[in-house]
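# Secondary and tertiary structure notes
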Amino acid sequence: MANPKKPAEKILKFPKSFRWGASTSSYQIEGAANEEGRAPSIWDRFCQLKGRVNHGHNGDVACDHYHKYPEDVRLMQQLGLDCYRFSIAWPRLLPRGRGQVNLAGLDFYDRLIDCLLEKNIEPWPCLFHWDLPQALDDLGGWSNRDMAGWFADYTLLCARRYGDRVKHWASFNEFSVFTLFGYAWGWGAPSISDRAYHLKTIHHVNLAHGAAVDVLRGQNAGFAIGGIHSYQPVRPQKNVPEDIAAANLFNEHWNLAFPDAQILGHYPPQIAEAIDPYVQAGDMARICRPLDWFGLNHYAPMYGRADPEMIWGFGWGEVPAELPRSGVGWPMQPQAFSDSLQELTRRYRLPIYVTENGYGNEDKGDKAAELEDQARVDYLRSYIAAMSQALADGANIAGYFVWSLLDNFEWGAGYGTRFGIVYVDYATQQRIPKASANWYAELIKKQRK
Ligand code: GCO
């Protein structure tokens with residue numbers, strides 16, 4: 001419920017060149033997991049493990065976007081979006097991760113891109129949103145240094161096929177999140193929990209990013225290339241030395257391990273020391289390649305505490321009781337968003353695209369309530385107001401993509417958590433814009449006047 005006593009935050013005018021969009025990812029929406037030559041990814045495998053994904057859900061059908069993309073693109077047009085961020089499923093293009101190409105997979109993204117362009121919506125593909133081909137995981141996955149070369153080959157395939165129509169490219173989505181969850185904490189695919197494996201993964205993913213940037217640049221000097229980072233301020237749960245130290249290491253892992261290496265050319269201090277055995281001469285220059293933009297996924301501040309049970313000794317602390325929470329319990333603090341935008345402008349000196357920001361809630365089965373999502377409207381209004389203030393105060397922000405266009409497969413939470421501005425009825429695959437979609441469309445329209 002909107003708080004009647006609280007004045008609505010003021011959204012200042014954005015420049016005409018500011019881009020408005022929405023984001024999704026392949027495994028979360030496409031479905032058609034076993035169709036037309038797509039091979040399993042590590043997420044298909046993970047979903048088969050007992051008790052790992054809520055309700056035993058998986059991405060086999062998801063939002064059936066593979067078949068319903070024309071309808072989804074029409075929705076984007078109705079919302080007035082300038083651009084659409086999606087991801088390309090590596091196992092759809094290269095079922096074994098390398099070698100034999102699946103032409104039907106290549107064709108799918110051709111159709112999607114053409115459909116977007118017909119409606120004047122810019123396609124912003126991301127090359128990796130977590131669905132690693134299982135065949136490559138069988139070869140050691142990201143712990144294998146050869147992955148950098150295989151990722152570069154996959155990137156070249158995409159750049160050659162789609163580069164005549166796609167200008168904006170993202171290498172990876174949330175480097176730190178999938179590496180921490182998948183290889184340190186074991187809570188996501190491929191469910192590994194091992195310090196050495198995790199460190200190698202960090203370094204090889206960074207090498208893969210650098211190699212992909214070079215491939216893209218070599219294909220077309222005019223491409224606009226970026227990486228997408230989850231950046232949330234990490235605060236100590238208590239003001240005691242153990243928690244301060246834990247929050248500091250948490251921050252190195254979550255916020256700095258990838259962008260510092262890719263943009264500043266070095267690892268943050270504690271990671272630099274730990275990762276040194278895996279770094280070869282010339283690697284930092286291979287990782288640190290010129291970029292055109294910084295992709296920021298931001299949701300909420302985080303609280304860290306010392307936790308000897310956790311693999312790196314830091315864990316999730318409690319959120320202070322005075323902070324309001326979203327429908328999935330994440331603290332809501334728009335000021336942390338504007339602070340992050342200022343901080344990132346200063347640190348990396350690149351134009352920032354907010355590639356994800358949004359509000360999640362547990363589905364309680366009340367469709368009418370889902371459609372009247374006032375809490376999501378309030379969240380978006382207050383966060384976009386904070387972004388407009390940051391812009392007015394000098395942050396370099398060029399665009400905003402809401403997460404997410406559609407309700408979708410929310411990883412370990414399955415379909416029980418909804419992040420969409422458009423409701424998906426999974427029984428019928430019907431799409432219905434929520435109040436937040438209408439609000440977002442109005443906002444975009446007003447900005448154009
Ligand atoms: C991530 C991903 C998205 C999520 C979204 C909500 O951050 O996990 O980029 O795929 O669905 O962030 O959790």
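It should be noted that the structure appears before, not after, this text.
Below: a short report on this structure. Residue positions are counted from 1 within each chain, in the order its sequence is given. Two thresholds apply to this predicted model, a pLDDT of at least 70 for residue-level local features and 80 or more for giving and counting side-chain atom pairs, whereas whole-chain, interface and lining totals are computed over all residues. The basis for the side-chain values is all heavy atoms of the structure; hydrogens and waters are excluded.

The next subject is the overall build of the chain. Secondary structure summary: the chain contains 17 helices and 15 strands in total. A compact globule built from 449 residues would reach a C-alpha radius of gyration of about 22 Å, and the chain, at 21 Å, matches this within 12%. Burial classes: relative accessible area under 20% of the type maximum marks a residue as buried, over 50% as exposed, and values in between as partly exposed (1.4 Å probe, protein chains only). A burial count over the chain gives 61% of its 449 residues as buried. Pairs at least 24 apart in sequence give 78% of the contacts found in the chain among residues at least 6 apart. Strands here mean DSSP runs of E at least two residues long; helices mean DSSP runs of H or I at least four residues long; both are numbered from the N terminus. C-alpha atoms define the radius of gyration in this analysis, and the globule rule sets the expected value at 2.2 Å times the number of residues to the power 0.38. Any two residues having at least one pair of non-hydrogen atoms within 4.5 Å are treated as being in contact.

With that out of the way, let us pick up the nonpolar core. Counting residues in hydrophobic clusters, the biggest one holds 138 residues, and the most contacted among them are Trp142, Met387 and Tyr440. Only buried Ala, Val, Leu, Ile, Met, Phe, Trp, Tyr and Cys residues count toward a nonpolar core, and they belong to the same one when joined by side-chain atoms within 4.5 Å. Counting 10 residues, the second largest nonpolar core, distinct from the first, contains Cys83, Trp124, Cys126 and Ala398.

With that settled, the discussion passes to the sheet that holds strand E4 (residues 168-173). Two orientations exist for strands paired in a sheet by backbone hydrogen bonds: parallel and antiparallel. If you trace the 8 strands once around the closed barrel, you get E1-E2-E3-E4-E5-E7-E10-E12, paired in parallel fashion. Strand-to-strand, the axes of this sheet are offset by a mean angle of 25°, without reference to chain direction. The pairing of strand E2 (residues 83-87) with strand E3 (residues 122-128) spans 5 bridges and is classified as parallel. The partner of cysteine 83 across the bridge, within E3, is glutamate 122. Pairing between two strands is assigned when DSSP locates at least 2 bridges connecting them. Here an axis means a line fitted to C-alpha atoms, over the contact stretch when the element is a helix, while the angle between two N-to-C directions is reported on a 0 to 180 degree scale.

Quick look at a positive patch on the surface now. Here, patches come from residues exposed beyond 30% relative accessible area and free of salt bridges, joined within 9 Å for like charges and within 5 Å for nonpolar side chains (Val, Leu, Ile, Met, Phe, Trp, Tyr). Here the accessible surface of atoms and residues is derived via Shrake-Rupley with a 1.4 Å probe, and residues count as covered only by protein chains that are part of the display. A pair is scored as a salt bridge if a Lys or Arg side-chain nitrogen falls within 4 Å of a carboxyl oxygen belonging to Asp or Glu. Charge counting treats Lys and Arg as positive and Asp and Glu as negative, with His and both chain ends excluded. Here the site of a charge means atom NZ of a Lys, CZ of an Arg, CG of an Asp or CD of a Glu. Among the surface-exposed residues, Lys13, Lys16, Lys446 and Lys449 lie close enough to one another that they form a single positively charged patch. Here lysine 449 falls in the exposed class, since its relative accessible area comes to 71%.

What follows is about helix H3 (residues 65-79). End to end, H3 covers just 18 Å across 15 residues, shorter than the expected 21 Å (1.5 Å per residue, more than 12% under). Along its length, H3 shows its largest kink, about 40°, at glutamate 71. Inspection of H3 places His65, Tyr66, Tyr69, Asp72, Val73, Leu75, Met76 and Leu79 among the buried residues, and these make up the whole buried set. Taken from the residues just after H3, glycine 80 is the one with a positive phi, measuring 85°. By this rule the span expected of a helix is its residue count minus one, scaled by 1.5 Å. To obtain the bend at a residue, axes are fitted to the seven residues ending there and to the seven starting there, and the angle between these axes is taken.

Another point: the packing of aromatic side chains. In summary, the pairing rule links any two rings of Phe, Tyr or Trp, Trp by its six-membered ring, whose centres are within 6.5 Å, and it sorts them by plane angle into stacked for under 30 degrees, edge-to-face for over 60 and tilted for everything else. Scanning all chains against the criterion turns up 59 aromatic pairs. Here phenylalanine 337 and tyrosine 383 contribute two aromatic rings whose centre-to-centre distance is 5.6 Å and whose plane-to-plane angle is 35°, an arrangement assigned as tilted. Taken together, the residues span a long stretch of sequence, with phenylalanine 337 in helix H14 (residues 334-348) and tyrosine 383 in helix H16 (residues 374-392) at a distance of 46 residues. A residue is classified by how much of its surface remains accessible, and tyrosine 383, at 1% relative accessible area, is buried. Both a distance and an angle decide whether a charge sits over a ring: NZ of Lys or CZ of Arg must be within 6 Å of the ring centre and within 35 degrees of the ring normal. The aromatic ring of tryptophan 150 is capped on one face by arginine 98, whose charged end is 4.6 Å from the ring centroid.

Another aspect to go through is the sheet that holds strand E9 (residues 314-316). Taken together, 3 strands build an open sheet; the order of strands is E6-E8-E9 and the sheet is mixed. Each end of this open sheet is capped by a strand with a single partner; those strands are strand E6 (234-236) and E9. Taking each pair of neighbouring strands and ignoring which way they run, the sheet shows an average axis angle of 45°. Relative to strand E8 (residues 302-306), E6 runs parallel, the two being bridged by 3 bridges. Considered in E8, the bridge of valine 234 is made with methionine 302. Across the sheet, helix H10 (residues 241-256) is in contact with E6, E8 and E9; its angle to E8 comes to roughly 125°.

Here we come to the environment of alanine 386. Following the sequence through the fold, alanine 386 ends up in helix H16. In sequence terms alanine 386 and glycine 304 are 82 residues apart; their C-alpha atoms lie 24 Å from each other.

Quick look at the pattern of salt bridges now. Applying the stated rule across the entire model yields 26 salt bridges. Measuring nitrogen to oxygen at the nearest pair gives 2.7 Å for the salt bridge that ties arginine 19 to glutamate 122. One end of the pair, arginine 19, is in strand E1 (residues 19-23); the other, glutamate 122, is in strand E3, with 103 residues separating them in the sequence. Residue glutamate 122 is classed as partly exposed on the basis of its relative accessible area, which comes to 24%. Salt-bridge contacts for arginine 217 lead to aspartate 292; the nearest nitrogen and oxygen are separated by 2.8 Å. Of this pair, arginine 217 sits in helix H9 (residues 195-219) while aspartate 292 sits in the loop between helix H13 (283-287) and strand E7 (293-297), and the two are 75 residues apart along the sequence. A relative accessible area of 30% places aspartate 292 in the partly exposed class. One network of salt bridges, in which partners are shared, links Asp107, Asp110, Asp114, Arg161, Asp164 and Arg165.

Attention shifts here to the site of the ligand. Note on terminology: near, applied to a residue and a molecule or strand, indicates that one of the residue's heavy atoms is within 4 Å of it. The ligand sits among 13 residues. The nearest are Gln28, Asn173, Glu174, Glu356 and Glu410. Its free accessible area being 320 Å², the ligand has 93% of it covered by the protein chains. Each residue gets one label: Ala, Val, Leu, Ile, Met, Phe, Trp, Tyr, Cys and Pro are nonpolar, Asp, Glu, Lys and Arg are charged, and the others, such as Gly, are polar. Residues that form the shell around the ligand fall into these classes: 6 nonpolar, 4 polar and 3 charged.

Here we take up the packing of H16 against helix H17 (residues 435-448). Where H16 meets H17, the axes come as close as 8 Å, and the angle between the chain directions of the two elements is 30°. Considering their axes alone, H16 and H17 lie roughly parallel with respect to each other. Residues Arg376, Val377, Leu380, Arg381 and Ile384 of H16 lie in contact with H17, whose contacting residues are Ala435, Ser436, Trp439, Tyr440 and Leu443. Split into classes, the residues belonging to the contact of H16 with H17 amount to 7 nonpolar, 1 polar and 2 charged. Just so you know how the angles are binned, under 35 degrees is roughly parallel, over 145 roughly antiparallel, 65 to 115 roughly perpendicular, and the rest oblique.

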